[in-house]
Amino acid sequence: MQFTQGLHRALQQRPDTIATICGERKTSFRQLQDRVARLAGALRKLGVRDGDRVAMLGFNSDHYLAYYLAVPWAGAVVNPVNFRWSLDEIIYSLNDSESVAIFLDDSFAKHADALLDGCPFLRFVIFCGDGQCPDDLLDLETLIAGAEPIADSGVGDDETFGVFYTGGTTGAPKGVLLSHRNISSAALALMAEGPFPDGSIGLHAAPMFHLADMMMSTCLLLRGGTHVMLPGFRPDIALDIISKHRISELLLVPAMLQALVDYPDIGRHDLSAVKHLLYGASPASEALLDRAMKAIPGAGFFQVYGMTELAATATTLPPSQHGVEGRIAGRLRSAGRAFCHLQVRVVDTEDVELPRGQVGEIVVRGPNVMQGYLNKPEATEAALRGGWMHTGDMGYMDDEGYVFVVDRLKDMIISGGENVYCAEVENAVARHPAVAACAVIGIPSEEWGEAVHATVVLHNGGELSQEALYAHCKQLIAGYKCPRSMEVRDSLPISGAGKVLKTELRKPFWEGRERAVN
């Protein structure tokens with residue numbers, strides 16, 4: 001298996017079918033293959049070698065898909081960068097991965113000098129925006145026009161496809177190494193459930209750097225479907241595009257789904273072409289699903305549970321379990337059952353499988369499990385001990401194999417589909433001069449699944465507002481990680497071992513709910 005093989009298949013079977021739609025720009029598979037082969041040739045001419053990491057920092061576009069294809073075509077490894085990160089976080093990931101090149105679009109070209117100054121391995125910057133290329137950057141279109149096309153390198157199977165960064169419990173992101181087999185097997189298993197049939201037209205609404213949208217990219221490529229790009233999510237624009245281009249496949253995090261179905265003018269848009277709607281990264285409430293299924297009645301809804309380390313897929317809840325039967329059986333509250341290509345278990349602290357109904361850690365084994373964490377052998381060994389990926393999620397399995405996630409072993413919040421590690425936020429909060437002690441937890445949020453909440457103890461005479469705390473943290477970490485709410489206490493609850501009792505802090509927010517996390 002190789003990531004590029006879907007493009008080869010499409011070129012063979014449907015070369016003049018539209019491959020990408022980005023604004024008013026349309027590209028056929030024949031044109032896409034030519035651009036990819038030329039861009040790969042340009043990368044090799046610039047000095048990119050087998051296994052080199054090449055980064056991308058930009059919003060969704062047809063250039064992003066060309067990047068994903070051209071880099072392995074040239075024998076190199078992709079490193080898509082989270083555009084929500086702070087500049088320091090971006091520089092850390094580029095240095096950790098030793099990226100030799102980076103693509104920047106219009107919104108991020110202004111950071112070129114800072115990235116070059118802060119990243120000794122970075123040798124050149126390619127501008128891939130639609131505006132005027134800055135004088136000191138390489139222009140994507142000029143490179144493609146001046147390069148000779150080269151043959152596909154043929155890298156695939158267990159060779160590394162990409163480094164995908166996720167949050168780190170110590171504050172530093174971890175680079176997840178995913179192979180071509182990891183990505184392809186996860187996509188094929190997802191397609192086996194029913195989405196992405198022939199003739200699919202998919203909307204890239206979630207960020208293309210994210211592993212959730214990587215499933216959209218891979219499935220559409222393997223099927224030879226059409227990729228429609230949404231640079232930044234806005235419900236009004238998304239609805240216009242869905243209607244105009246007859247989108248059949250949607251993948252949304254619940255926050256996006258809520259914004260879409262609660263948009264006041266949704267009724268005037270034709271959503272009848274939508275056949276499959278996948279949601280994940282955090283669960284959607286039953287009330288939201290009710291509204292969504294009413295707004296898009298022709299779509300089959302799939303919940304997908306997974307994580308970056310699993311190429312995004314572990315279990316799925318199919319459309320059949322979103323109806324009356326599944327609700328009566330309580331399955332709508334579950335994360336579904338294992339995909340056909342992998343095994344899922346619930347184990348105790350000794351990694352012994354537990355009886356059905358008992359809560360333990362959810363572990364996964366299969367061809368989609370990551371190769372490991374870049375430059376972190378101890379973390380890799382801990383996560384993959386015994387050949388199983390230890391998710392850090394606590395849950396149980398019923399007698400029919402449905403998995404119910406009830407808590408999180410890792411001190412992590414999932415907000416709007418993004419991982420937020422409490423230790424990282426606490427480090428930022430603690431740097432405020434008014435803060436004597438702090439603890440960060442996730443609290444329920446209808447919009448985001450979970451929202452970041454800080455409990456702080458102030459120095460004597462100290463004053464701090466939530467707005468001031470947010471502004472302070474925003475200078476240190478990405479905005480989505482910053483506390484959205486704050487509580488001031490005289491002290492934090494401490495255990496006999498000296499640890500903050502976060503269960504007590506969470507209790508007022510989660511009491512009466514069936515799960516302790518979203």
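Bear in mind the structure is a predicted one, so any value in this text is a computation, not a measurement.

> With reference to specific residues and values, describe the packing of aromatic side chains.
Across all of its chains, the model carries 14 aromatic pairs by this definition. Above the face of the Tyr373 ring, Lys174 is positioned so that its terminal group lies 5.1 Å from the ring centre.

> Requested: an account of the pairing of strand β22 (residues 412–415), with residues and values cited.
The alternating pattern of β22 places Met412 and Ile414 and Ile413 and Ser415 on opposite faces, both of which are buried. In the sheet, β22 pairs with strand β23 (residues 418–421) via 4 bridges, with the strands oriented antiparallel. Residue Ile413 lies in a different strand from β23, and its bridge partner there is Val420. Counting the residues in the hairpin turn of β22 and β23 gives 2 residues, including Gly416, whose phi is positive at 60 degrees.

> Explain the sheet that holds strand β11 (residues 226–229) to me, and be specific about the residues and the numbers.
One open sheet accounts for 9 strands, arranged β2-β1-β11-β10-β12-β13-β14-β15-β16; its pairing is mixed. In this open sheet, the two edge strands, each paired with only one partner strand, are β2 (25–28) and β16 (337–338).

> Give a detailed account of helix α7 (residues 180–192), specifying residues and quantitative values.
Between its terminal C-alpha atoms α7 stretches 18 Å, which fits the 18 Å expected from 13 residues at 1.5 Å a residue. Every buried residue of α7 is accounted for by His180, Asn182, Ile183, Ser184, Ser185, Ala186, Ala187, Ala189, Leu190 and Met191. On the buried face of α7, the contacting elements are α3 (62–73), β8 (160–166), β9 (174–179), α8 (211–223), β13 (276–280) and β14 (300–305). N-cap assignment for α7: the residue whose side-chain oxygen lies 3.3 Å from the backbone N of Arg181 is Ser179. Trailing α7 by a residue or two, Gly194 shows a phi angle of about 130 degrees, which is positive.

> Summarise the packing of helix α1 (residues 5–13) against helix α2 (residues 29–46); cite the residues concerned and give the values.
One can describe the packing of α1 onto α2 by two numbers: an axis separation of 9 Å at closest approach and a directional angle of 135 degrees. Classified by the angle their axes make, α1 and α2 are oblique. Remark: the crossing between α1 and α2 carries left-handed chirality. Note on element contacts: α2 touches α1 through Phe29, Arg30, Leu32, Gln33 and Val36, opposite Leu7, Ala10 and Leu11. When its residues are assigned to classes, the contact of α1 with α2 shows 6 nonpolar, 1 polar and 1 charged.

> Report on the layout of surface pockets, specifying residues and quantitative values.
Space inside the second largest pocket adds up to approximately 540 Å³. Forming the boundary of the second largest pocket are 24 residues, of which Arg84, Phe233, Met256, Gly416 and Trp448 lie nearest the centre. Ranked by the residues each element gives to the lining of the second largest pocket, the list is headed by helix α10 (residues 254–261), at 4 residues. The residue inventory of the lining of the second largest pocket, partitioned by class, reads 14 nonpolar, 6 polar and 4 charged.

> Before we move on, can you summarise the pattern of salt bridges with the specific residues and values?
Tallying each qualifying case throughout the model produces 24 salt bridges. Across the pair Glu418 and Arg84 runs a salt bridge, and its minimum N-O distance is 2.3 Å. Taken together, the residues Glu418 in strand β23 and Arg84 in the loop between β4 (77–80) and α4 (87–97) connect sequence positions 334 residues apart. Take Glu418: its relative accessible area is 6%, and that puts it in the buried class. For Arg84, a relative accessible area of 29% puts it in the partly exposed group. The partner of Asp157 in a salt bridge is Arg181, with the nearest N and O atoms 3.9 Å apart. Note that Asp157 is positioned in the loop between α6 (140–146) and β8 and Arg181 in helix α7, a separation of 24 residues in sequence. Three or more residues are tied together by salt bridges with common partners; here these are Arg14, Asp198 and Arg223.

Thresholds applied
Residues numbered from 1 in each chain as written. Predicted model: local features only at pLDDT ≥ 70, side-chain atom pairs only at ≥ 80, totals over all residues. Heavy atoms only, no water. Phe/Tyr/Trp six-rings, centres within 6.5 Å; stacked < 30°, edge-to-face > 60°. Lys NZ or Arg CZ within 6 Å of the ring centre and 35° of its normal. Buried < 20%, exposed > 50% of the residue type's maximum accessible area, 1.4 Å probe, protein only. Helix = DSSP H or I, 4+ residues; strand = E, 2+ residues; numbered from the N terminus. Pairing = 2+ DSSP bridges. Expected span 1.5 Å × (residues − 1). Contact = heavy atoms within 4.5 Å. Polar contact = N/O pair within 3.5 Å; in protein donor to acceptor, adjacent residues only side chain to side chain. Axes fitted to C-alpha atoms, helices over the stretch in contact; angles between N-to-C directions. Parallel < 35°, antiparallel > 145°, perpendicular 65-115°, else oblique. Left-handed = near helix turned anticlockwise from the far one by under 90°. Nonpolar A, V, L, I, M, F, W, Y, C, P; charged D, E, K, R; others polar. 1 Å grid on protein atoms, 1.4 Å probe; cavity = no way out; pocket = protein on both sides within 12 Å on 5 of 7 lines; lining within 4 Å. Points joined across faces, edges and corners; volume = space filled by probe spheres on them. Salt bridge = Lys/Arg side-chain N within 4 Å of Asp/Glu carboxyl O.

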